[in-house]
Each structure stands twice: as C-alpha cells, then as structure tokens.
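Each chain, written out:
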Amino acid sequence: MTIRRRVAAGLLAGAMLLFAAGARKLPKPGWNLFSKDQDIELGRQAAAEMEKQLVVVQDRALTDYVNRIGNRLVTRGELEKYPFSFKVVKEDSINAFALPGGPMYVHTGLVTAAENEGQLAGVLAHELAHVVLRHGTNQASKSQGIAIIATLGGALAGGGGSMLGNLAQLGIGLGANSVLMKYSRGAESDADLLGMHTMAKAGYDPLEMARFFEKLQAEAGRGNNKLVEFFSSHPNPGNRVKAVEKEIPYLPKRTYGQTEGNLSAMKQSIAKLPATPKPVQGQAAPTPKATSQPKIALSGRSQTYQGGGVSFSYPEGFEQQGNGQNGVTLAPKAGVIQGQNGATAIGYGIIAGTSQVQGGKVNLERDTQAFLQQVTQSNQGVKVEAQPQKITIGGSNAYVTTLSSESPFPNTREVDVVITVDRGSMMYYFIYISPQNDYQRFESLYQASARSIQFTQ
Ligand code: ZN
C-alpha cells in the first residue's frame with residue numbers, strides 16, 4: 001500500500017514537472033494606473049531631477065562595460081522594449097537603482113563589491129526586472145489609487161505641471177523611501193525570478209545573483225553601512241540560492257562564462273577616480289568630546305515621564321533637558337556633553353519623540369528605515385549591531401534596532417537602542433543611550449522603561 005502510493009505520487013510529480021516546463025509562467029506587470037508611456041515620461045523627469053544630486057562617472061571604458069552588460073541582458077535576455085540607459089555613479093555604497101521606464105544607475109561601490117561579472121549582471125538583471133514588471137508605478141497605483149488618475153489626467157492635459165511635481169503633492173517623491181523605488185518582498189521575489197531567466201538567456205549563471213545577494217545580506221547583518229540603502233529598497237525575500245536551485249529545471253540551457261570585459265581592470269579605474277566631496281547637508285557634526293567618563297549613580301528606582309501623548313518610566317536621577325518641543329531628552333547632567341559648535345551629545349540618557357511620516361500614515365518598516373538612515377547621517381560612526389526586530393510597545397506594533405556609534409566619552413563606543421512605534425498617523429521613537437562599557441548597569445532599567453511605555457492619546 002505504502003509503496004504503491006509512493007509510485008503514484010512519483011509519477012504525478014513527474015507529470016506536473018513536464019507540464020510546468022512547457023507552460024512556465026514568468027511574472028507579469030501587476031495592476032497599474034499609469035500607461036507604459038507614462039512610466040517612460042516619469043522616469044525621464046525623475047532622471048533629470050536625480051542627476052542634479054548624482055555624480056555621473058565620465059570614464060568611458062567603465063561606462064561602456066556596464067552598457068555592454070546591460071544591453072546583453074536586454075537583447076539576449078529578450079526583455080520587453082523600454083528606452084533603457086545605464087550610467088555609473090560615484091558612490092561607495094553597494095547599490096544600483098532603476099527608474100520607471102528604463103534609466104538605471106549603478107554605484108561604483110557595486111562594481112567594486114562584485115566578485116565576477118555574473119554578480120554585477122545579476123543586480124542589473126534584477127533591476128531591469130523591476131522596470132519591465134513596472135513595480136514602481138504599480139506600487140504607486142496601489143498606494144494612492146484614484147488620486148493617481150486625477151494627477152495623471154492633470155499632467156496629460158498640460159495644466160497640472162510635471163508628472164513628478166503632481167506626484168510629489170500626493171507624497172510620492174524620489175529617494176530610498178519612495179513607493180516608486182522601495183519594493184515589497186513580493187516584488188523582490190518576482191524581480192529575482194524574471195532576473196534569473198534573463199540572466200540564463202543572456203548566458204550568465206543565475207546562481208551568481210543569488211549568491212551575491214546572500215553575501216551582501218550577510219555583510220549587512222555584520223553592520224556594513226554601505227548596504228543600508230540597498231536592503232532598505234530591496235528587502236530580502238529569503239532563501240535566494242534555494243529559489244534559484246528550484247528554478248533550474250525551467251531555465252534555458254546556455255553556456256555560462258563569456259564576459260564583456262575585464263572586471264578587475266574596471267575596479268582599478270574606479271579606485272583611481274577622484275574622491276567626491278559629500279554634500280554638506282546631512283553631514284554629521286563631529287561628536288562633542290568629554291575628557292573623562294563620569295560615574296553615573298543609579299538608585300534602582302524610577303520616575304515617570306508624562307507628555308506628548310505618552311508616559312514611561314525612567315531612572316531616578318535623570319532630568320529633562322531642553323524644552324522638548326518635538327520630543328524630550330531625559331538624561332543625567334553628567335551624561336550631556338556640550339560641544340564648542342553648539343552641538344550637544346547625549347552620552348547617557350533617553351530621547352523620545354515623534355517623527356514625520358510620508359503621506360500622514362505610518363508604514364512602520366519604511367519609516368523605521370528612514371529614521372535609522374537619518375540617525376546614521378547625523379551621528380558619527382553608526383553601525384547596526386542588531387537588525388530591526390518586531391515587538392509590541394504599549395499595545396502597538398514596533399521595531400527595536402540596536403545601533404552603536406561614537407561615544408562622547410573616551411575609550412568606549414556607545415550603545416543606542418532605537419524603538420520605533422506605529423501609532424497610525426504618527427511614528428513615536430525612543431532611543432536608549434549608554435556607553436558600551438557601562439551598558440550592563442543600564443540595560444534592565446532601560447528595558448523596564450520600554451515595557452512601561454503607554455500611549456495616552
Ligand atoms: Zn529589488
């Protein structure tokens with residue numbers, strides 16, 4: 001009985017495999033209020049806007065190389081026709097991004113991080129899939145629905161300004177947290193799937209894409225700051241190598257290994273590019289320094305803070321600092337270090353407040369990433385020690401993320417435990433700060449404080 005059932009199941013599985021091989025369905029673009037031409041127009045406007053901020057590399061050999069890889073993927077990979085373009089931008093972070101309708105930007109940091117051309121091609125194939133599957137405008141359509149129709153109508157009639165400007169009024173902008181460029185996990189799996197077929201057809205080993213993504217994921221887990229942007233816009237759908245292995249029977253058989261140029265020569269010319277000055281805006285001020293580390297007394301008792309729609313306990317001896325218009329800082333006097341340039345560093349303490357969110361409605365994953373990015377940009381030497389984890393705070397969904405950064409005190413770094421809470425129209429944040437070498441004494445009090453958080457409005 002058991003044996004016969006097994007045989008039958010085996011036959012059935014075989015039959016399904018044959019059927020699947022004949023009728024393998026690749027992902028298709030989803031519901032979309034934009035036309036294909038509107039994708040292209042939007043991408044054109046967005047590219048012009050973004051290139052004001054980007055440093056496009058003029059190195060001919062490098063640009064040609066990336067274009068050869070991109071064009072090989074598009075033509076031999078049999079992708080739907082769009083006005084694709086490939087530019088290299090001087091950016092050390094490991095990333096590449098594509099705008100609706102075809103313009104793609106490849107960071108020099110990505111070229112440097114790729115171990116072989118297949119890995120570089122893998123990221124390009126994945127980005128091309130986002131374009132062809134029209135994920136950006138699909139997501140914008142889903143997030144704004146009917147309002148998009150009016151916007152597109154206005155832009156077409158010519159009276160409503162640029163499409164980009166009209167979308168901005170709906171809260172759809174450019175950048176890492178825009179629905180146009182920050183993809184859902186479902187979109188990620190689809191881009192991986194179409195990307196691996198594109199790679200195989202173009203003669204690149206699809207496993208290289210998965211291996212590279214998993215390598216980057218592992219590095220991000222170890223706190224590599226060059227990857228913050230990549231994984232905030234391309235969330236990991238999980239098990240990428242396994243997903244490719246499962247797909248292998250359906251992939252066209254090709255010989256892999258032919259390359260479009262010499263990747264290591266490209267890396268050498270990147271290494272010789274002049275350093276680009278970072279824009280002053282968003283640059284972190286130096287951390288004010290104390291000459292020695294104070295001994296903060298802890299009684300073990302706590303007090304309660306109440307205000308701004310929230311209440312929570314905090315260690316006795318901490319005092320409210322400043323006037324707390326957009327939030328509150330509770331810190332022991334000796335934990336606050338004044339710098340010469342008016343900057344203040346909190347070496348010990350709790351910072352709580354609310355953060356503006358896009359569109360007036362919290363998307364906790366998106367807004368947490370944006371907040372962490374802001375923290376990373378305005379502090380020195382920030383590293384992610386533990387990736388965001390889902391928790392519940394005062395009955396609301398929240399994330400807790402552990403960062404470390406430069407401490408104002410000598411001979412230690414600083415622990416910064418960041419909690420972000422979804423309160424519907426507002427995101428609350430709480431940052432618990434202590435020097436790393438003294439964190440043990442504060443940990444349980446800080447945990448008790450986080451557990452005590454209650455929302456009063
Ligand atoms: Zn992606």
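Sequence order as written defines the numbering, with residues in each chain counted from 1. This being a predicted model, a pLDDT of at least 70 is required before a residue's local features are given, and a value of 80 or more before pairs of side-chain atoms are given or counted; all residues contribute to the totals for chains, interfaces and linings. Hydrogen atoms and water are omitted, and side-chain values are computed over all heavy atoms in the structure.

Draft legend 1. View of the side chain of T63. Relative to the elements of secondary structure, T63 occurs in helix α3 (residues 60-76). Only protein chains enter the calculation, and the probe is 1.4 Å; a residue is then buried if its accessible area is under 20% of its type maximum, exposed if over 50%, and partly exposed in between. Classification of T63 as buried rests on a relative accessible area of 18%. Here a polar contact means two N or O atoms within 3.5 Å. Within protein one must be a hydrogen donor candidate and the other an acceptor candidate, and residues neighboring in sequence count only if both atoms are side-chain atoms. One polar contact links the side chain of T63 to the main-chain carbonyl oxygen of D59, over a distance of 2.8 Å. The criterion used for residue contact is that any of the two residues' heavy atoms lie within 4.5 Å. If sequence neighbours within four positions are ignored, T63 has contacts with V57, F86 and V88. Here a helix means four or more residues in a row that DSSP labels H or I, a strand means two or more in a row labelled E, and each is numbered from the N terminus.

Draft legend 2. Spatial organisation of the environment of R366. Within the secondary structure, R366 sits in helix α14 (residues 364-378). Linking R366 and K182, residues 184 residues apart in sequence, is a C-alpha distance of 8.3 Å. Looking at R366, its side chain comes within polar contact range of the side chain of D367, at 2.8 Å.

Draft legend 3. Summary view of the coordination of the zinc ion. The rule for donors is simple: an N, O or S atom within 2.8 Å of the metal counts, and for Na, K and Ca the reach is 3.2 Å. Water is not among the atoms, so a site may look short of donors. Within the protein, the atoms that donate to the zinc ion are H126 (NE2), H130 (NE2), E188 (OE), E188 (OE) and H234 (ND1), at distances of 1.9 to 2.6 Å. Counting residues between consecutive donors of the zinc ion along the chain gives the motif H-x3-H-x57-E-x45-H. Of this pair, H126 sits in helix α5 (residues 117-132) while E188 sits in helix α9 (residues 185-202), and the two are 62 residues apart along the sequence. Each member of the pair, H126 as well as E188, carries the same accessibility label: buried.

Draft legend 4. Inspection of the nonpolar core at higher detail. Here, nonpolar core refers to any group of buried Ala, Val, Leu, Ile, Met, Phe, Trp, Tyr and Cys residues whose side-chain atoms link them within 4.5 Å. Formed by 56 residues in total, the largest nonpolar core has its most connected members in L73, L120 and L124. A total of nine residues in this core trace back to one element, the largest contributor, which is α5. When sequence neighbours within four positions are dropped, the list of residues in contact with L120 reads Y65, I69, V106, L110, V111, A114 and L263. Grouped together as the second largest cluster of nonpolar side chains are 30 residues, I296, Y432, Y439 and F455 included.

Draft legend 5. Geometry of the packing of α3 against α9. In contact at an axis separation of 8 Å, α3 and α9 are set at 95 degrees when each is read in the N-to-C sense. Taken together, the axes of α3 and α9 lie roughly perpendicular to each other. Residues R72, L73 and R76 of α3 form the contact with α9, whose own contacting residues are T198, M199, K201 and A202. Among the residues forming the contact of α3 with α9, the class breakdown is three nonpolar, one polar and three charged. Between N-to-C directions, angles cover 0 to 180 degrees, with each direction set by a line fitted to C-alpha atoms, over the stretch in contact for helices. Relative orientations are named as follows: roughly parallel for angles under 35 degrees, roughly antiparallel for angles over 145 degrees, roughly perpendicular for angles from 65 to 115 degrees, and oblique for any other angle. Note on residue classes: Ala, Val, Leu, Ile, Met, Phe, Trp, Tyr, Cys and Pro are nonpolar, Asp, Glu, Lys and Arg are charged, and everything else, Gly too, is polar.

Draft legend 6. Structural view of the sheet that holds strand β6 (residues 319-321). The antiparallel open sheet is built from seven strands, whose spatial order is β6-β7-β10-β14-β13-β12-β11. The strands lining the two open edges of the sheet, one partner per strand, are β6 and β11 (383-393). The mean inter-strand angle of the sheet, taken between neighbouring strand axes irrespective of direction, is 20 degrees. Across the sheet, helix α15 (residues 439-451) is in contact with β10 (349-355), β11, β13 (413-422) and β14 (427-435); its angle to β14 comes to roughly 160 degrees. Between any two strands, at least two bridges found by DSSP are needed for them to pair.

Draft legend 7. Summary view of the packing of aromatic side chains. Pairing of aromatic side chains requires ring centres within 6.5 Å, counting the rings of Phe and Tyr and the six-membered ring of Trp. Pairs whose planes differ by under 30 degrees are stacked, by over 60 edge-to-face, and all others tilted. Scanning the model with the defined rule gives 13 aromatic pairs in all. Taken together through their ring pairs, the aromatic side chains of F318, Y348, F409, Y432, F442 and Y446 make up a single cluster. Across the ring face of Y82, the terminal group of K36 is positioned such that the distance to the ring centre comes to 4.5 Å. Definition used: whenever NZ (Lys) or CZ (Arg) falls within 6 Å of the ring centre and also within 35 degrees of the ring normal, the charge is taken to sit over that ring. Its end group placed over the ring of Y204, R72 keeps NZ or CZ at 3.9 Å from the ring centre.

Draft legend 8. A look at the sheet that holds strand β5 (residues 310-315). On the basis of which strands lie adjacent, the open sheet formed by three strands has the order β4-β5-β15 and antiparallel pairing. Where the open sheet ends on each side, the last strands, each with one partner, are β4 (302-307) and β15 (454-455). Here β4 pairs with β5 via six bridges, running antiparallel. By the bridge assignment, Q303 is partnered in β5 with Y314.

Draft legend 9. Representation of the confidence of the model for the protein chain. In the predicted model, the protein chain carries a mean pLDDT of 85, and the fraction of residues at 70 or more is 87%. Scored between 0 and 100, pLDDT is the confidence that the predictor attaches to each residue. Predicted confidence is poor over residues 1-22, with pLDDT under 50, and the contacts of this stretch with residues over four places away or in other chains come to three contacts.

Draft legend 10. Quick peek at α14. Take the number of residues in a helix, subtract one, and multiply by 1.5 Å to get its expected span. Between its first and last C-alpha atoms α14 spans 21 Å; for 15 residues at 1.5 Å apiece the expected length is 21 Å, and the two agree. All buried positions along α14 are accounted for by L364, R366, D367, T368, Q369, F371, L372, Q373 and V375. Where the residues of α14 are buried, they touch α11 (228-233), β10, β11, β12 (396-406), β13 and β14.

Draft legend 11. The pairing of strand β7 (residues 327-331), seen in detail. Here β7 lies mainly inside the structure; four of its five residues are buried. Of the strand pairs in this sheet, β6 and β7 are connected by three bridges, and their pairing is antiparallel. Looking at the pairing, Q321 lines up with T329 of β7. With four bridges joining them, β7 and β10 adopt antiparallel strand pairing. Paired with L330 across the strands is I350, a residue of β10.

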